[in-house]
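Listed below are the residues making up each chain.
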Amino acid sequence: VAALHVVHGRLAGPRRAVRAEFAGLRAAKKPAEGKGVVEDGARWVEFAWSREAEVVTLFGSMNEWAFGYALDRVGGALSARSVGILLPPGQYSFKFEVDGKWMTSEHHPTQTDSSGFLNNVVDV
């Protein structure tokens, strides 16, 4: 199963110095089970990748594609990785960079953008 979550303020890629606050995102502790909605209608969205890979990074419109979020390994699994992000209501396009290649997940809806690129989408 492919899904996503915020990487405790740690960013991936060449812009590690950029903080999540720059994009208007709030890094936060994951809410207790069953408590996915927080202030201002924002929701904790977990993104995950389940196929084998060395490095998986999430990029998307939640920060105007400015930087990526590294997906951390889940437990001791070799392939399962995830990252969580606190997102305000809206629709977001995203894509995974998997071992240097742009990929979409078959576990999320897709949509072609105005430039002709196929991306995954999530509604918050």
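Described below are features of the structure shown in this document.

Across its full length, the protein chain carries 0 helices and 9 strands. The helix and strand sequence of the protein chain, counted from the amino end, reads β-β-β-β-β-β-β-β-β. Counting only residues that meet the buried cut, the protein chain has 40% of its 124 residues in that class. Considering only residue pairs separated by 6 or more positions, the protein chain has 69% of its internal contacts joining residues 24 or more positions apart.

Right, let's talk about the environment of T112 for a bit. Along the polypeptide, T112 turns up in strand β8 (residues 110–112). Sequence separation of T112 and S93 is 19 residues, and the distance between their C-alpha atoms is 9.6 Å. When residues no more than four places from it in sequence are discounted, the contact partners of T112 are F117 and L118.

Moving on, we get to the environment of E46. Among the structural elements, E46 can be located in strand β1 (residues 43–49). Each C-alpha atom, one on E46 and one on G84, is 4.2 Å from the other, the two residues being 38 residues apart in sequence.

Turning to the side chain of N119, a few remarks are in order. Mapping N119 onto the fold places it in strand β9 (residues 118–123). Of the polar contacts made by the side chain of N119, one reaches the side chain of D113; its length is 3.3 Å. Here N119 is in contact with W65, S93, F94, K95, T104, P109, T110, Q111 and D113, once residues within four sequence places are set aside.

Here is what the cut-offs are and how they apply
Residues numbered from 1 in each chain as written. Predicted model: local features only at pLDDT ≥ 70, side-chain atom pairs only at ≥ 80, totals over all residues. Heavy atoms only, no water. Helix = DSSP H or I, 4+ residues; strand = E, 2+ residues; numbered from the N terminus. Buried < 20%, exposed > 50% of the residue type's maximum accessible area, 1.4 Å probe, protein only. Contact = heavy atoms within 4.5 Å. Polar contact = N/O pair within 3.5 Å; in protein donor to acceptor, adjacent residues only side chain to side chain.

Shape descriptors only; they carry no functional weight alone.
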